[in-house]
Amino acid sequence: EVATLAPGAAMLLVDPKEPLVSKLIFCFNAQASLGSTLFDTVPGAREGRARASIPESVMLCITRGAKDILHCLGGVHALLPLLQLDARPPAPNPASELRPEAVAEETVGVLAAMIQDSPSIQESMRQVAAFAVMGHLLRRAHPERLGIDLVHRIGELLEACGSNPAVREQAMDALVLDLRLWAAAPAPTQHAMHHLLVRLSKRDHPYLRRSLPIPRFLDWVEWTTAAVLARGGDYETEAAPLLHGMQKLMMALLQGEGGRGSYIAEEEMSPLYILLQERRQVSQALLCMRTLMELLASGSSCRAPLVSAVEATGGVAMLLGPLRY
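1. A few points about the packing of helix α11 (residues 187–203) against helix α14 (residues 235–255)
And step 1. Between α11 and α14, the shortest axis-to-axis distance is 9 Å and the interhelical angle comes to 5 degrees. In terms of orientation, α11 and α14 fall into the roughly parallel class. On the side of α11, the interface is formed by Ala 187, Gln 190, His 191, His 194, Leu 197, Val 198 and Ser 201, while α14 contributes Glu 238, Pro 241, Leu 242, Gly 245, Met 246, Leu 249, Ala 252 and Leu 253.
And step 2. Looking at the contact of α11 with α14 residue by residue, the classes come out as nine nonpolar, five polar and one charged.

2. Observations regarding the side chain of Thr 225
And step 1. Relative to the helices and strands, Thr 225 is located in helix α13 (residues 214–230).
And step 2. The buried category is assigned to Thr 225, whose relative accessible area is 9%.
And step 3. For Thr 225, the side chain forms a polar contact with the main-chain oxygen of Val 221, separated by 2.8 Å.
And step 4. Setting aside its immediate chain neighbours within four residues, Thr 225 contacts Tyr 235, Leu 243 and Ser 283.

3. A few points about helix α7 (residues 130–140)
And step 1. Taken together, the buried positions of α7 are occupied by Ala 130, Phe 131, Met 134, Gly 135, Leu 137 and Leu 138. Seen end-on, α7 carries its buried residues on one side only, within an arc spanning 160 degrees.
And step 2. Next to the buried residues of α7 lie α4 (75–79), α5 (100–115), α6 (119–127), α8 (148–160), α9 (165–175) and α10 (179–183).

4. Let's talk about the pattern of salt bridges
And step 1. In the structure shown here, the tally under the stated rule is ten salt bridges.
And step 2. Between Arg 88 and Asp 86 there is a salt bridge, with its nearest N and O atoms 2.7 Å apart.
And step 3. Linked by salt bridges that have partners in common, Asp 86, Arg 88, Glu 101 and Arg 145 make up one network.

5. Digging into the confidence of the model for the chain
And step 1. For the chain, per-residue confidence averages 76 on the pLDDT scale, and residues scoring 70 or more make up 62% of the total.
And step 2. Here helix α1 (residues 2–5) stands out as the least confident element of the chain, with mean pLDDT 44; α8 is the most confident, with 95.
And step 3. Note that pLDDT drops below 50 for residues 1–15; the model gives that stretch nine contacts with residues more than four away or on any other chain.

Calculation notes
- Residues numbered from 1 in each chain as written.
- Predicted model: local features only at pLDDT ≥ 70, side-chain atom pairs only at ≥ 80, totals over all residues.
- Heavy atoms only, no water.
- Axes fitted to C-alpha atoms, helices over the stretch in contact; angles between N-to-C directions.
- Helix = DSSP H or I, 4+ residues; strand = E, 2+ residues; numbered from the N terminus.
- Parallel < 35°, antiparallel > 145°, perpendicular 65-115°, else oblique.
- Contact = heavy atoms within 4.5 Å.
- Nonpolar A, V, L, I, M, F, W, Y, C, P; charged D, E, K, R; others polar.
- Buried < 20%, exposed > 50% of the residue type's maximum accessible area, 1.4 Å probe, protein only.
- Polar contact = N/O pair within 3.5 Å; in protein donor to acceptor, adjacent residues only side chain to side chain.
- Arc of directions from axis to C-beta.
- Salt bridge = Lys/Arg side-chain N within 4 Å of Asp/Glu carboxyl O.
- pLDDT = per-residue confidence, 0-100.

As structure tokens, then:
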């Protein structure tokens, strides 16, 4: 049937040794263009080379691999709906072996592969606020559907952002630093997120230090403890290990890049002073007291700025508050 309808095409299929050029009539290439005009690129001299005008609705695509083809077929816009997760809790014993969450996890992995070494696709994701859309879709999901594999894929996505600070920071804001989102996730997922943040603190320390001041840590502790107690969890067995992971992250940020210490502003310490004078939010007070104790006893370079911040905020009186508990 092919031979009947298109003998030239049939020869291409049957006799691959025949030169391709002799079978081409016109070949318009997106790389051979000027404005809205494409030029015929068939090799050989021909008078009056053909031209083609590009309608306004046509988008030029140069495809060298699978990621380029995906990008030209809709790219990010086509993949984002696959991140939609059910707002209902997962079934205890799903009948299907394929978890619905796996589709969303692998979609994040595909996005990571697409933006790897592709500044144009990275910039496209930034301009259309794709990371913010991803974060919005994750917030609509039931927290129990946020699994460890999703955190790992998000880590891959951040690595794929390379050294583009605008793209990396937008991705971190939407997918990692939405602390209320992750505070409601299962404990194993939260532990994975803590490990990811500690790893990111080695590369993106200045940005994370600005994004996670001490008062925000206090809010994070409150949200996490409240979520554990709301689902009937035990403080000692579930909440306390999570707070320990937060403490490690808090220490990594306060110790600064390369352990050189991090400046601690007085306004950061004021909420901590108020907290330590009150009899409520014991979990927050414990986290901060343990962090302060370890940092002051460690002899690290952050000890001096920490002592100065404590003295400016209330000195010994600040630390005596918890003795009334």
